[in-house]
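# Observations on the three-dimensional arrangement
The residues making up each chain are set out below.
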Amino acid sequence: MEAMRSVTQSIPVIEMPRRRIIGAYLEEARSECLRYLRAPAFMRPMLLFSTVFYLMFGVVLNHGEASRYLLASYSAFGIIGPGLFGFGVSLAIERDGGLLTLKRALPMPPGAYLLGKMVMAMVAATIVTVLLLLIGVFLAHVVLSGGQMLALLLTGMFGVLPFCALGMFVGTLIKGQGAPGLLNLVYLPMAFLSGLWLPLSMLPHALQRLAPIWPSYHLNQLTQAAVGLNKGPLLGDVLVLIGFAVGFIWLAERRLRRHG
Amino acid sequence: MNSSIGVAARLVAVGKSYGGVMALDGVDLQLRSGQLLALLGSNGAGKSTAISLLLGLLRPDAGTVELFGQAPGRIQARRRIGVMLQHAELPPTLQVGELLRLTASYYPAPRSLIESAELAGVSDLLKRPYARLSGGQQRRVQFALALCGRPELLFLDEPTVGMDIQTRQRLWATIRQLIVEGCAVLLTTHYLEEAEALADRVCVMARGRVIHEGSVDEFRARVALKRIRCLTTLPLDTVRGWPEVSEVRQDKVRLHITVVEAEAVVRRLLETDPQLRELEVQRAGVAEAFTELTQDADEASNSAQREAA
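Predicted model only: the values in this text are computed from it and were never measured.

This next bit is on the overall build of chain B. A tally of helices and strands in chain B yields 11 helices and 13 strands. Across its three principal axes, chain B shows a C-alpha extent of roughly 70 × 45 × 40 Å. Counting every position in chain B, which comprises 309 residues, the buried fraction comes to 53%. The long-range fraction of contacts in chain B, counting pairs at least 24 apart against all pairs at least 6 apart in sequence, stands at 68%. A total of about 14,100 Å² of accessible surface is found on chain B, and carbon and sulfur atoms cover 48% of it.

Quick look at the structure:
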C-alpha cells in the first residue's frame with residue numbers, strides 16, 4: 001500500500017494550461033466539422049435543397065432582377081438548413097446514442113460541445129452561400145460587387161446562429177431519428193410563410209402581415225440588403241434575430257439541464 | 001490510512017429516487033488509488049445510478065458524493081478520471097486516431113496517441129473510421145479513450161461485452177498494469193469471472209442497497225455452499241431425497257451436488273455406491289455466492305413489500 005500511496009501523492013494536481021483549454025475548444029470544433037462534412041447523408045439535403053430550387057427558379061425560369069431577389073431568398077433558405085438540421089438532428093441523435101452523456105462525464109470544457117456544433121453550422125452555411133453565389137454569378141448572371149458578395153457570405157455565416165438556437169431547442173424536445181421529420185415541419189412552412197420560396201407579395205394578405213413573426217423573414221431582409229434590394233434600416237431585423245437566438249438558447253439550456 | 005489520502009471516489013449515505021422508486025438507499029462506497037472495486041448486481045440494482053452520481057450526471061437526493069474530495073460536477077475533478085460507458089455511439093465518420101486526439105485534448109497531461117493506442121491494442125486501427133470497426137474493436141477504442149487522459153480513476157461500465165476471450169484477457173492485463181501504476185478502477189460487470197480475475201474488493205448491490213462489501217475471498221466465504229462432482233450410477237432422485245442436499249443436477253456423465261456440509265454427503269455417497277469415481281469437492285465460486293446473496297436480498301425485500309418495477 002505504501003508504494004501506491006506514494007504514486008498518488010507524487011502526482012500533483014495538474015492545472016490545465018490556458019493553451020490546452022483553447023486547444024480543446026479547437027479540437028472539438030475541428031472534429032465536429034470533419035465528422036459532418038464527411039457524412040454525405042447529412043450534408044446532401046442541406047446543400048441540395050436551396051441550390052436545386054435556385055437553379056430551377058433563379059436560372060431556368062427567371063432572369064435579371066428576379067434572379068437577384070431569389071439569390072437572396074434562397075440564400076436565407078439555405079442558411080437556415082445547417083442551423084436547424086446541423087444542430088437539431090445531431091443533438092437529437094447524440095442524446096439518443098449516449099454520446100452527449102459521455103461528453104458530459106468527460107472533462108470537456110464547458111460549452112465546447114455547443115460551440116463545436118455552431119462552428120460546424122457556420123461552415124456548412126458558408127458552403128451553401130458560396131454555392132448559391134457561384135450559381136448566381138456564373139449561371140444566372142446576377143451582377144454583384146465584391147462588397148455585396150462579402151456581405152452575403154457574412155450574413156450566411158452569422159445569420160445561421162439564431163437557427164442553431166432553434167434547432168438546439170427542437171433537438172432537446174425529441175430524441176433520435178424523429179428529429180428530421182419534426183424539423184422539416186418547422187423548416188418548410190416557416191420558409192414558405194416568410195416569403196423565401198415565393199415573394200411575399202404573391203401570398204394572401206393575412207399571411208403577408210404575419211410574416212414578421214418568423215425569424216426567417218428577418219434573415220431574408222438581411223440577405224436582400226446584402227444583394228442591394230433592401231435599402232431600409234436593418235437594426236430592427238438584427239435585434240429580432242438576436243432576441244430569437246437568446247430566447248431559444250435559454251429554453252434549450254433549461255431543458256438540457258433538466259432532462260439531459 | 002485513516003485520512004482521505006488516496007481516496008479517489010466516495011459515496012456517503014447516498015440516496016437517490018426516481019419518481020418514488022428508491023434507486024439508491026443509504027449507499028456507502030469508497031475507492032482508493034491502486035484498487036479495483038467491482039460493482040456487481042442484477043439489472044436495476046442501482047449500479048448505473050451510483051456511477052452516474054460519481055460522474056456528476058445525476059445529483060443525489062441525500063448524502064455526499066465526492067471525486068478526489070470534490071463535487072463530481074467540477075471539471076477539475078473530472079480531469080482526473082477516464083470513462084468507458086456501456087452505451088455510447090461515437091462519431092461514426094471520425095477515425096480512431098482523431099477520436100483519441102479529441103479526447104486527449106480535454107486533459108492536462110494526456111498519454112501520447114501511440115501509448116494510448118498500444119495500451120488498448122488499437123495501434124493497427126488508428127486510420128480506420130469508427131463505423132467500420134467490429135463491436136469488439138469499438139469497445140477497445142472506447143477503452144483507449146478512457147485511458148488516454150492518464151486518469152487516476154477509471155470508470156469501466158461492462159467493458160468486455162462483445163469481446164472475444166483473447167481480447168478480454170489482454171484488456172484485463174492492461175487494467176492490472178494501470179492498477180499497479182496507482183490507478184483506481186471502478187468496474188461493473190456481468191461476468192463474475194472478470195470480477196474474480198481483477199477485483200481487490202467486491203461490492204454487491206441489490207435494490208439500491210449494498211448487500212455485501214469486502215475482498216473477493218470474503219465474498220466467496222460468505223457463502224457456505226460446497227459443490228460435489230462425481231461419476232456415479234446413483235439415480236438423481238435418490239440423491240435429491242437426502243436431507244443435506246440443497247440442489248442436484250446431472251450433465252452427460254457427472255452428478256453435480258450442491259450442499260452446505262459436504263462431509264456427510266460424501267460419506268453417504270461412498271457407502272451407497274462403491275463404484276463411485278472422480279470425486280471432487282469445491283467451495284462454491286463467485287457465481288453461486290452472487291446468486292445466493294441476491295436471492296436472499298430479493299426474498300427479504302419481497303416479504304417486506306411488493307416488487308417495485
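What follows concerns the packing of helix α4 (residues 65-97) of chain A against helix α11 (residues 215-226) of chain A. Residues and elements named next belong to chain A. Where α4 contacts α11, the axes come no closer than 8 Å and their chain directions differ by 135°. One element, α4, and the other, α11, form an angle in the oblique class. Once α4 is placed against α11, the crossing between them reads as right-handed. On the side of α4, the interface is formed by Tyr69, Ala72, Ser73, Ser75, Ala76, Ile79 and Ile80, while α11 contributes Ser216, Leu219, Asn220, Thr223 and Gln224. In terms of residue class, the contact of α4 with α11 is built from six nonpolar, six polar and no charged.

To continue, consider the nonpolar core. Grouped together as the largest cluster of nonpolar side chains are 145 residues, with contacts concentrated most on Tyr54(A), Leu36(B), Leu40(B), Phe143(B), Leu153(B), Phe155(B) and Ile175(B). Of all the elements, α4(A) adds the most residues to this core, at 13 residues. Not counting the four nearest positions on each side in its chain, Leu40(B) is found in contact with Lys47(B), Thr189(B), Leu192(B), Ala195(B), Val202(B), Cys203(B), Val204(B), Met205(B), Phe219(B) and Phe290(B). Counting 15 residues, the second-largest nonpolar core is a separate cluster that includes Val245(B), Val259(B), Val265(B) and Leu269(B).

The final tally for this structure, using the stated rule, is 16 aromatic pairs over all chains. Relative to Phe42(A), the ring of Tyr36(A) lies with its centre 4.3 Å away and its plane at 35°, an arrangement referred to as tilted. Residue Phe42(A) is classed as buried on the basis of its relative accessible area of 15%. Aromatic side chains Phe53(A) and Phe77(A) sit 6.0 Å apart centroid to centroid with 55° between the ring planes, which places their arrangement in the tilted category. Of this pair, Phe53(A) sits in helix α3 (residues 40-60) while Phe77(A) is found in helix α4, placing the two residues 24 residues apart along the sequence. Judged by its relative accessible area of 0%, Phe77(A) falls in the buried class. Put simply, the rings of Phe49(A), Phe53(A), Tyr54(A), Phe57(A), Tyr74(A), Phe77(A), Phe85(A), Tyr187(A), Phe192(A) and Trp197(A) touch in pairs and so form one group of aromatic residues. Positioned over the ring face of Phe68(B) is Arg80(B), at 4.0 Å from the centre of the ring.

A word on the environment of Arg283(B). Residues and elements named next belong to chain B. Examined against the element boundaries, Arg283 turns out to sit in strand β13 (residues 277-283). Take Arg283: its relative accessible area is 45%, and that puts it in the partly exposed class. For Arg283 and Val259, which are 24 residues apart along the polypeptide, the C-alpha to C-alpha distance reads 9.9 Å.

What follows concerns the confidence of the model for chain B. All names here are of chain B. Averaged over every residue, the pLDDT of chain B is 87; the share at 70 or more is 91%. Averaged pLDDT values for the elements of chain B fall to 68 in helix α11 (residues 286-304) and rise to 97 in helix α3 (residues 96-104). Per the prediction output, this complex has pTM 0.82; the corresponding ipTM is 0.85.

What follows is about the interface of chain A and chain B. Between chain A and chain B, the contact holds 35 residues from the first and 38 residues from the second. Both sides of the chain A and chain B interface together cover about 3,500 Å² of buried area, and 63% of this is carbon and sulfur. The largest contributions to the chain A side of the interface with chain B come from Arg38(A), Ala105(A) and Pro107(A), which together make up 17% of the buried area. As a salt-bridge pair, Glu98(B) and Arg38(A) come within 2.7 Å of each other at their nearest N and O atoms.

Turning our eyes to something else, we now look at helix α9 (residues 179-193) of chain A. Residue and element names in this part refer to chain A. Helix length check: α9 (15 residues) gives 21 Å between terminal C-alpha atoms against 21 Å at 1.5 Å per residue, within 8%. Buried within α9 are the following residues: Ala179, Leu183, Tyr187, Met190, Ala191 and Leu193. One face of α9 carries all of its buried residues, which in axial projection span an arc of 170°. Residues of α9 that are buried sit in contact with α3, α4, α8 (161-173), α10 (205-210) and α11. The positive-phi residue at the C-terminal boundary of α9 is Gly195, with phi of around 80°.

Reading guide: rules and limits
Residues numbered from 1 in each chain as written. Chains lettered and ligands numbered in written order. Predicted model: local features only at pLDDT ≥ 70, side-chain atom pairs only at ≥ 80, totals over all residues. Heavy atoms only, no water. Helix = DSSP H or I, 4+ residues; strand = E, 2+ residues; numbered from the N terminus. Buried < 20%, exposed > 50% of the residue type's maximum accessible area, 1.4 Å probe, protein only. Contact = heavy atoms within 4.5 Å. Areas by Shrake-Rupley, 256 points an atom, 1.4 Å probe, with all protein chains shown as cover. Axes fitted to C-alpha atoms, helices over the stretch in contact; angles between N-to-C directions. Parallel < 35°, antiparallel > 145°, perpendicular 65-115°, else oblique. Left-handed = near helix turned anticlockwise from the far one by under 90°. Nonpolar A, V, L, I, M, F, W, Y, C, P; charged D, E, K, R; others polar. Core = buried A, V, L, I, M, F, W, Y, C linked by side-chain atoms within 4.5 Å. Phe/Tyr/Trp six-rings, centres within 6.5 Å; stacked < 30°, edge-to-face > 60°. Lys NZ or Arg CZ within 6 Å of the ring centre and 35° of its normal. pLDDT = per-residue confidence, 0-100. Buried area = accessible area lost by both parts, 1.4 Å probe. Salt bridge = Lys/Arg side-chain N within 4 Å of Asp/Glu carboxyl O. Expected span 1.5 Å × (residues − 1). Arc of directions from axis to C-beta.

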